[in-house]
Amino acid sequence: MATKQSWSATGRRKRSSAQVRLVSGTGKITVNGVDVNEYMPYATLVMDLKQPLVATNNENKFDITVTVKGGGFSGQTGAIRLGITRALLAFDANSAQKRDDSYRKILKTAGFVTRDPRVKERKKPGLKKARRAPQFSKR
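All figures in this text were calculated on a predicted structure; none of them were measured in a lab.

Participant: I'm lost on the pairing of strand 1 (residues 6-13) in this one. Help?
Facilitator: Side-chain direction in a regular strand flips from residue to residue, so the side chains alternate between the two faces of the sheet. Burial along strand 1 is one-sided: the residues Trp7, Ala9, Gly11 and Arg13 are buried and none of Ser6, Ser8, Thr10 and Arg12 is. Looking at chain direction, strand 1 and strand 2 (residues 16-24) are connected through eight bridges and run antiparallel. Bridge pairing links Thr10 to Gln19 in strand 2. Here strand 1 hands over to strand 2 after two residues, with Lys14 in that stretch at a positive phi of 50 degrees.

Encoded structure:
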């Protein structure tokens with residue numbers, strides 16, 4: 001029996017890190033051993049992480065297995081989306097990248113290739129949060 005070829009990638013957002021594995025299949029997405037619709041609390045988050053697949057018309061071509069750690073649901077969704085994007089780029093790596101229908105061009109124009117660098121700013125001494133100072137009282 002021949003082993004199925006798989007493509008894997010890592011995605012990160014905020015405090016979350018996601019290991020994504022693509023295997024040709026029917027479009028089933030599993031996150032930490034649970035179906036994506038059960039794992040994510042909102043349908044909009046599921047829709048958000050499927051965006052790279054929708055943009056490249058691959059909703060039902062791959063089975064996706066994800067291991068995600070850290071952060072909240074929003075950060076985890078962003079990490080999974082970036083991981084799926086990078087795995088799709090690895091899948092399409094052998095095709096000519098100059099074509100208009102190359103995955104890289106489609107995903108780059110949609111803004112999925114760039115990692116979102118925004119993370120929580122650290123708390124500074126003497127302040128209540130990163131920038132919030134204690135209330136000033138004149139008297």
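Okay, back to it.
Participant: Just to check I follow, could you spell out the side chain of Asp116 for this structure?
Facilitator: If you trace the backbone, Asp116 turns up in the segment after helix 5 (103-110). Here Arg13 takes part through its side chain, which lies 3.1 Å from a polar atom of the side chain of Asp116. Polar contacts involving the side chain of Asp116 include one to the side chain of Arg118, which spans 2.8 Å.

Participant: Help me understand the sheet that holds strand 2, please; the structure alone is not making it clear to me.
Facilitator: Strand order in the open sheet made by the five strands is 1-2-5-3-4, with mixed pairing throughout. Each of the sheet's edge strands pairs with one partner strand only, and the pair in question is strand 1 and strand 4 (34-35).

Participant: Any chance you could explain the pairing of strand 2 here in plain terms?
Facilitator: Summarising the sheet, strand 2 and strand 5 (residues 62-69) pair through eight bridges and their orientation is antiparallel. What sits directly across from Gln19, in strand 5, is Thr67.

Participant: Please explain the environment of Gly83 as it appears in this structure.
Facilitator: Its place among the elements puts Gly83 in helix 4 (residues 73-91). Sequence separation between Gly83 and Phe112 is 29 residues, and the spatial gap between their C-alpha atoms is 9.8 Å. Those residues in contact with Gly83 that sit more than four places away from it in its chain are Ala9, Thr10, Gly11 and Val20.

Participant: Whenever I open this one, the packing of aromatic side chains confuses me. Can you help?
Facilitator: The geometry of two aromatic rings is summed up by the distance between their centres and the angle between their planes. The final tally for this structure, using the stated rule, is five aromatic pairs. Between Trp7 and Phe91, the aromatic rings sit 4.8 Å apart at their centres with planes inclined by 85 degrees, giving edge-to-face as the arrangement. Placement of the pair is Trp7 in strand 1 and Phe91 in helix 4, with a sequence separation of 84 residues. Overall, the relative accessible area of 14% leaves Trp7 in the buried class. Members of the aromatic cluster, each reached through a chain of ring pairs, are Trp7, Phe62, Phe91 and Tyr103.

Participant: How should the side chain of Asn58 be read in this particular structure?
Facilitator: Following the sequence through the fold, Asn58 ends up in the loop between helix 3 (51-55) and strand 5. Within the structure, the side chain of Asn58 is placed 2.9 Å from the side chain of Tyr103, a separation counted as a polar contact.

Participant: Please explain the pattern of salt bridges as it appears in this structure.
Facilitator: According to the stated counting rule, one finds five salt bridges in the structure shown. Between Arg81 and Asp48 there is a salt bridge, with the nearest N and O atoms lying 3.0 Å from each other. Taken together, the residues span a long stretch of sequence, with Arg81 in helix 4 and Asp48 in helix 2 (residues 43-49) at a distance of 33 residues. Assessed through its relative accessible area of 21%, Arg81 is described here as partly exposed. Among the residues examined, Asp48 registers a relative accessible area of 25% and is labelled partly exposed. In this structure, a network of salt bridges that share partners links the residues Arg13, Asp116 and Arg118.

Participant: Sorry if this is basic, but what is going on with unusual backbone geometry here?
Facilitator: Excluding glycine, a negative phi dihedral is what most residues carry, and trans is how most peptide bonds are arranged. Its identity is not glycine, yet Lys14 carries a phi of approximately 50 degrees, on the positive side. With respect to the secondary-structure elements, Lys14 resides in the loop between strand 1 and strand 2. The phi dihedral of Asn32 falls on the positive side, at around 50 degrees, and the residue is not glycine. With respect to the helices, strands and loops of the structure, Asn32 is situated in the loop between strand 3 (29-31) and strand 4.

Analysis parameters
- Residues numbered from 1 in each chain as written.
- Predicted model: local features only at pLDDT ≥ 70, side-chain atom pairs only at ≥ 80, totals over all residues.
- Heavy atoms only, no water.
- Buried < 20%, exposed > 50% of the residue type's maximum accessible area, 1.4 Å probe, protein only.
- Helix = DSSP H or I, 4+ residues; strand = E, 2+ residues; numbered from the N terminus.
- Pairing = 2+ DSSP bridges.
- Polar contact = N/O pair within 3.5 Å; in protein donor to acceptor, adjacent residues only side chain to side chain.
- Contact = heavy atoms within 4.5 Å.
- Phe/Tyr/Trp six-rings, centres within 6.5 Å; stacked < 30°, edge-to-face > 60°.
- Salt bridge = Lys/Arg side-chain N within 4 Å of Asp/Glu carboxyl O.

The quantities given are spatial measurements derived from coordinates; they are silent on function.
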